[in-house]
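# An overview of the molecular structure
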Amino acid sequence: MNFYERDKNLQHLLKSRWDESFFQWADEKLSQFGALCAGDIDRRARHTDREGQPQLIKYDKMGNDISEVWLNEGYKKTIEETYGEGIVGYLHKNIPSLGHKGDYTYSFAQGYLLSQAEPGFYCPVTLTMATAYLIDHYASSELKEKFLPHVSSTGEVELYEGATFLTERQGGSDVGANEVKAIKEGDHYRIHGEKYFASNAGACGVAMVLARTEEAPPGTRGLSLFLVPWRKEDGTLNGIQIRRLKDKLGVRAVPSAEVEFIGAKAYMVGKADRGFYYMMEALNLSRVCNAIASIGIMRRSLNEAVDYAAERNAFGNTLIQYPMVKDTLVSLSVKQEVETRAVFDLIQGFEKVAREPENSTDEEQVLNRLRIAIMKKETAEQAVSFTHEAIEMHGGNGYIEDFVTPRLLRDAQVLTVWEGTANILGLEVLKLFNKYQAHELFITHMNDRLEGIDRKGNQHALVKEAVLSFLIYVEDVLKQAPDVQTYYSKSLAEKMALLYEGVVALEMAEEGGRYQKVAELFIHKNFEKEKASADPLTLRYANDILNLDKAFA
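Residues numbered from 1 in each chain as written. Predicted model: local features only at pLDDT ≥ 70, side-chain atom pairs only at ≥ 80, totals over all residues. Heavy atoms only, no water.

Per an unreviewed UniProt entry, the chain goes by the name Acyl-CoA dehydrogenase and belongs to Halobacillus dabanensis. UniProt, in its Sequence similarities (unreviewed entry) section for the chain, records the words "Belongs to the acyl-CoA dehydrogenase family." Comment text from UniProt for the chain, heading Cofactor (unreviewed entry), reads "FAD". (UniProt positions renumbered as here; feature names shortened; annotations may be inferred.)

### A short note on the pattern of salt bridges
Enumeration according to the criterion identifies 42 salt bridges in this entry. The shortest N-O distance in the salt bridge between Lys76 and Glu73 comes to 2.9 Å. With Lys76 and Glu73 both in helix α4 (residues 73–84), this residue pair falls 3 residues apart, about one helical turn. Residue Glu73 is classed as exposed on the basis of its relative accessible area, which comes to 58%. (Salt bridge = Lys/Arg side-chain N within 4 Å of Asp/Glu carboxyl O. Helix = DSSP H or I, 4+ residues; strand = E, 2+ residues; numbered from the N terminus. Buried < 20%, exposed > 50% of the residue type's maximum accessible area, 1.4 Å probe, protein only.)

### Observations concerning the packing of helix α5 (residues 104–115) against helix α9 (residues 323–355)
Between α5 and α9, whose axes approach to 9 Å, the crossing angle comes to 140°. The angle between the axes of α5 and α9 places the two elements in the oblique class. For the pair α5 and α9, the crossing hand works out as right-handed. Packed against α5, whose contacting residues are Tyr104, Thr105, Phe108, Ala109 and Tyr112, the element α9 presents Gln336, Thr340, Phe344, Ile347, Phe350, Glu351, Ala354 and Arg355 at the interface. (Axes fitted to C-alpha atoms, helices over the stretch in contact; angles between N-to-C directions. Parallel < 35°, antiparallel > 145°, perpendicular 65-115°, else oblique. Left-handed = near helix turned anticlockwise from the far one by under 90°. Contact = heavy atoms within 4.5 Å.)

### Digging into the nonpolar core
One finds Phe108 and Phe442 to be the most contacted residues of the largest nonpolar core, which totals 180 residues. Element by element, the count of residues in this core is highest for helix α8 (residues 275–311), at 18 residues. If near-sequence neighbours (up to four positions away) are discounted, Phe442 is found in contact with Leu367, Leu370, Ile374, Phe470, Met496, Leu499 and Tyr500. (Core = buried A, V, L, I, M, F, W, Y, C linked by side-chain atoms within 4.5 Å.)

### Examining the UniProt feature "domain: Adaptive response protein AidB N-terminal" (unreviewed entry) in the chain
As annotated by UniProt and renumbered to match this structure, "domain: Adaptive response protein AidB N-terminal" (unreviewed entry) occupies residues 2–153. Across residues 2–153, helical content stands at 66% and strand content at 10%; the span's end C-alpha atoms are separated by 26 Å.

### Quick notes on the state of the cysteines
All chains considered together, the criterion is met by 0 disulfides. The closest cysteine sulfur to the non-disulfide-bonded Cys37 is located on Cys289, 15 Å from its own sulfur. Here Cys204 stays free of any disulfide, with the sulfur of Cys123 as its closest cysteine sulfur at 11 Å. (Disulfide = S-S within 2.5 Å.)

### Brief notes about the pairing of strand β1 (residues 55–59)
The sheet contact formed by β1 and strand β2 (residues 65–70) spans 4 bridges and is antiparallel. Of the residues in β2, the one forming a bridge with Tyr59 is Asp65. Turn length for the β1-β2 hairpin, with the two strands adjacent in sequence and antiparallel, is 5 residues, and the turn residue Gly63 shows positive phi of about 90°. (Pairing = 2+ DSSP bridges.)

### Topic: the domain arrangement of the chain
The domain boundaries assigned to the chain delineate domain 1 (8–152), domain 2 (162–273) and domain 3 (422–546). When each unit is reduced to the centre of its C-alpha atoms, the spacing between domain 1 and domain 2 is 22 Å. At the junction of the two partners, domain 1 supplies 32 residues and domain 2 supplies 30 residues. Buried area between domain 1 and domain 2, both sides added, is near 2400 Å², and the carbon and sulfur share of it is 69%. Where domain 1 packs against domain 2, one counts 2 salt bridges. Where Lys146 meets Glu233, a salt bridge forms, and the shortest distance between an N and an O atom there is 3.2 Å. Summed over the shared surface of domain 1 and domain 2, the number is 7 residue pairs in polar contact (both at pLDDT 80 or more). When residues of the side of domain 1 that touches domain 2 are traced back to their parent elements, those giving at least two are α3 (20–50), β1, β2, α6 (119–138) and α7 (141–151). No other element matches α6, which puts 12 residues into the side of domain 1 that touches domain 2. (Domains from an automatic or database assignment. Buried area = accessible area lost by both parts, 1.4 Å probe. Polar contact = N/O pair within 3.5 Å; in protein donor to acceptor, adjacent residues only side chain to side chain.)

### Quick notes on unusual backbone geometry
Phi is positive for Asn200, which is not a glycine, with a value near 70°. Within the secondary structure, Asn200 is located in the loop between β7 (188–199) and β8 (206–213). Overall, Asn200 belongs to the buried group, its relative accessible area being 0%. Look at Phe315: it is not a glycine, yet its phi comes out positive at around 55°. With respect to the helices, strands and loops of the structure, Phe315 is situated in the loop between β12 (313–314) and β13 (317–318). Accessibility expressed as a relative area gives 82% for Phe315, which makes it exposed.

Structure follows, in structure tokens:
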């Protein structure tokens, strides 16, 4: 098994993104990593989930608080191998054999493969990516020189995994209610207070922490960003204690903790009144990672469902021969492929904004935030739906821990919560509409892309009509009182995600062959009213969609 080599859709879209030399290098590396994820990393993930979860060693034998987190050896090997492949490092330094940096598309392709085996570990990777981003963009030259080589290490120096600590008990999503204090002491600060949900605690080498200086005003404007080393130069804890590790439903690989800062030495990053805005930039990066983890879980769920249906016999036939089963598997396959294309499509816009924010227009930045919000919500919800379908395809076996499906369901569920629930994302959409007229930008963008499509038949007309209907719907919603608008916010996000994917599907159809059939099915299922037929489109195309080796030969 090789997650990369099996996924022809991923290979095809990556080849279209890169020049020939980079694709040849990346294709080989991703093939190696895809085999590793499907093999050793997947086996280690099972062990970590069942028997090898992180453990808090609170005290040493003399009763001293050491707040150490034990990680099993297999998990530590996964850490070494994954970061060694440059999943974070090559965003910030040159790839030795090529002489230039990688890009976010390459990193996210690695994350997509990793998440099919160990989405729990992709959380620390995400936090390390966010930490490296914040240091690279906003830290002083002194801090950057000291910490970025470690956070972006690929093995040449000691790795410092990262963490971003926002959540406090009284605040939650209301970050403006945060109370953790930062007291100035010479050229640095001392942090006091508690972070209530601190992922990668005890495993990270450096944490990015939001805190409020003594003179700061209330609300988000009073929050500053601080770099907090986990340990001092002598190896002892830097004024940090872990109260307890959270006993989570899933993603058990990542240690999530309640952390107390007791005078932890810290360094301010950037301007004092911009901490919240810096962290929101990192949050957008984390939301893309969340979407990547979601489509990865969707892909693994699909693979497991197809393989089981092809092998399992019932009533004289394999499951995959039955029309109802074909319909389920074809629907999952089409949705996963189109959604994967849409996520990697938004990554292109994200790349420019993340790399060159000063050269990005206001419109590009608003569209970037909007696309990320709607696709984070959509992919997270679909990940849960896909794991449900995979379990149902397995019947009773799908509920048994001998199979991967229970872990996929448990790991998927958190993706609807991390980096913003559907409610928070809906509010983000409304804010972008009311403050920046993002709906007008979105509709213009969709229409421009529709205009650039050569095939302008019935399916093109269906999507174009849906865009027009959405404009009318938005205008009606925005006429309502603010509280009523919030009622419709999630609906707005859902409709936009579908329109976005519809346009992406039409662009896929331009490639012809199997992709034309994938696009046709996607539009048929989402934009047409299905009528009873002796030859349903899904069954007509089922062999081409599900027989992947033959279909892509």
